[in-house]
Every structure is written in structure tokens, then in C-alpha cells.
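Residue strings, one per chain:
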Amino acid sequence: MLESALYDCPYCGERIETSVDLSGGDQNYIEDCQVCCRPIIFELQVHGDEWMLEVRSENE
């Protein structure tokens, strides 16, 4: 199941919308920022119908 999520890039601060796939359960992955192209670490936690997306830079 896909859901939309908004996050702020930890580097440039730009607010970006992305899609997260909740069907895979908890996930950790890296995607480049669509604005500044720096790598962002995504941590998705899924608990039934509730989920939380955290983003951080490589240096955190």
C-alpha cells in the first residue's frame, strides 16, 4: 500500500513529497534529494495502520 509523505531535506531544508510503500513493513533506504542531490537516509517504521517516516543526513 502506497502512502504520500512530506519531509524536509536535512541538507537544504526543502519540503519534498514522496511515496512510501507500507506493504514491506519497516524499511531503511537511501535516496538522493530531488533538489540538492545529496543522499538522505530514510527510516520507515510500520505498526499496523500507523507509520512514521524519519529522515536524516549521512553525518547524523
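Here is a short report on the structure shown in this document. The structure displayed is predicted, hence computed values, not measured ones.

1. A word on the packing of aromatic side chains
Thinking step 1. On inspection of all chains with the given rule, the structure shows 2 aromatic pairs.
Thinking step 2. A centroid spacing of 5.1 Å and a plane angle of 85° characterise the contact between Tyr7 and Phe42, whose relative ring orientation is edge-to-face. Linking Tyr7 in strand E1 (residues 2–8) with Phe42 in strand E4 (residues 39–47), this pair joins segments that are 35 residues apart in sequence. Of the two residues, Tyr7 and Phe42, neither departs from the other in class, the shared state being buried.
Thinking step 3. On the numbers, 5.1 Å between centres and 5° between planes, the contact of Tyr29 with Phe42 is stacked. A residue pair is termed long-range when its members are at least 10 positions apart, and Tyr29 in strand E3 (residues 27–32) and Phe42 in strand E4 qualify at 13 residues.

2. Some thoughts on the nonpolar core
Side chains of nonpolar character tend, in soluble globular proteins, to be buried together.
Thinking step 1. Counting 12 residues, the largest nonpolar core is built from Ala5, Tyr7, Cys9, Ile16, Val20, Leu22, Tyr29, Cys33, Ile40, Phe42, Leu44 and Val46.
Thinking step 2. Looking at which element gives the most residues to this core, the answer is E4, with 4 residues.
Thinking step 3. Residues contacting Tyr7, with those up to four places away along its chain left out, are Glu14, Arg15, Ile16, Thr18, Ile40, Phe42 and Val55.

3. A closer look at the sheet that holds E3
Thinking step 1. Within the open sheet, the 3 strands sit side by side as E3-E4-E5. Their pairing is antiparallel. In this open sheet, the two edge strands, each paired with only one partner strand, are E3 and strand E5 (50–56). The mean inter-strand angle of the sheet, taken between neighbouring strand axes irrespective of direction, is 25°.
Thinking step 2. Across 6 bridges, the pairing between E3 and E4 is antiparallel. Note that in E4 the partner of Tyr29 across the bridge is Phe42.

Definitions and limits used
- In this numbering scheme, every chain counts its residues from 1 along its sequence in written order.
- This being a predicted model, a pLDDT of at least 70 is required before a residue's local features are given, and a value of 80 or more before pairs of side-chain atoms are given or counted; all residues contribute to the totals for chains, interfaces and linings.
- Working from all heavy atoms in the structure, the side-chain values ignore hydrogens and water.
- Put simply, two rings from Phe, Tyr or Trp (the six-membered ring, in Trp's case) pair if the centres are within 6.5 Å, and we call them stacked under 30 degrees between planes, edge-to-face over 60, tilted for the rest.
- Under the DSSP-based scheme used, a helix requires at least four consecutive residues in state H or I and a strand at least two consecutive residues in state E, with every element numbered from the N terminus.
- Only protein chains enter the area calculation, which uses a 1.4 Å probe; residues under 20% of their type maximum are buried, those over 50% are exposed, and those in between are partly exposed.
- Among the buried residues, those of types Ala, Val, Leu, Ile, Met, Phe, Trp, Tyr and Cys that are joined through side-chain atoms within 4.5 Å form a nonpolar core.
- Here a residue-residue contact requires only that any non-hydrogen atoms of the pair lie within 4.5 Å.
- Two strands are counted as paired when DSSP detects at least two bridges linking them.
- Axes here refer to lines fitted to C-alpha atoms; in helices the fit is confined to the stretch in contact. Angles between the N-to-C directions go from 0 to 180 degrees.

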